[in-house]
Amino acid sequence: ISVDAATPETYRRLRGWDFFRLLANIRKFVDALSPRKFPTSIGLSFVITRSNVLEMVPFIYMGKALGVNSLQFLRLNEYELQNWVITAKDGQPF
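Reading the values: the criteria
Residues numbered from 1 in each chain as written. Predicted model: local features only at pLDDT ≥ 70, side-chain atom pairs only at ≥ 80, totals over all residues. Heavy atoms only, no water. Helix = DSSP H or I, 4+ residues; strand = E, 2+ residues; numbered from the N terminus. Buried < 20%, exposed > 50% of the residue type's maximum accessible area, 1.4 Å probe, protein only. Contact = heavy atoms within 4.5 Å. Areas by Shrake-Rupley, 256 points an atom, 1.4 Å probe, with all protein chains shown as cover. Salt bridge = Lys/Arg side-chain N within 4 Å of Asp/Glu carboxyl O. Core = buried A, V, L, I, M, F, W, Y, C linked by side-chain atoms within 4.5 Å. Phe/Tyr/Trp six-rings, centres within 6.5 Å; stacked < 30°, edge-to-face > 60°.

1. Considerations on the overall build of the protein
Item 1. Helix and strand content of the protein: three helices and two strands.
Item 2. Counting the 94 residues in the protein, one finds 31% classified as buried.
Item 3. Excluding contacts between residues fewer than 6 apart, the proportion of contacts in the protein whose partners are at least 24 apart in sequence is 57%.
Item 4. Counting every atom, the protein has about 6,300 Å² of accessible surface; 57% of that belongs to carbon and sulfur.

This is the structure:
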């Protein structure tokens, strides 16, 4: 599940959706799949951007609190190799 944020403000800016609704849905998913004989592994992903990099550690704590099995951090792009400027809906750089 791609989340990319650990706060409602960042999630709304990057994804345009309700963060607390997302968390409730993840909890329901974890709860629904946990009693299975062969549980499904549930992971969260976080694409690292300039505007969310400070939320990486809180994201780890959030994942633990949600009870997911794994977290994955991915880079948006290779900053040192390319001079990309990606702008969010609010005009701020990712």
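2. Digging into the pattern of salt bridges
Side chains that differ in sign of charge can pair as their charged atoms come close.
Item 1. Under the definition given, this model contains one salt bridge.
Item 2. Linking Asp4 and Arg15 is a salt bridge whose minimum nitrogen-to-oxygen distance equals 2.5 Å. Placement of Asp4 in the segment before helix 1 (8-15) and of Arg15 in helix 1 is noted, with a sequence separation of eleven residues between them.

3. Details of the nonpolar core
Item 1. Formed by 18 residues in total, the largest nonpolar core has its most connected members in Val3, Ile26, Leu44, Phe59, Met62, Leu66 and Val68.
Item 2. Those elements that provide at least two residues to this core are helix 2 (19-33), strand 1 (43-48) and helix 3 (56-66).
Item 3. No other element matches the six residues that helix 2 contributes to this core.
Item 4. Those residues in contact with Ile26 that sit more than four places away from it in its chain are Ile1, Val3, Leu44, Leu66 and Val68.

4. Re the environment of Met62
Item 1. Within the secondary structure, Met62 is located in helix 3.
Item 2. Note on Met62: relative accessible area 12%, which makes it buried.
Item 3. Remark: the alpha-carbon pair of Met62 and Ala5, spanning 57 residues in sequence, is separated by 9.8 Å.
Item 4. Discounting residues that sit within four places of it in the chain, Met62 has contacts with Val3, Ala5, Ala6, Phe19, Leu23 and Leu44.

5. A closer look at the packing of aromatic side chains
Item 1. Enumeration over the complete set of coordinates arrives at five aromatic pairs.
Item 2. Both rings, one in Tyr11 and one in Phe19, keep their centres 5.7 Å apart while their planes meet at 55°; by these two values the pair is tilted. For the pair Tyr11 and Phe19, one class covers both residues: buried.
Item 3. Members of the aromatic cluster, each reached through a chain of ring pairs, are Tyr11, Phe19 and Phe20.

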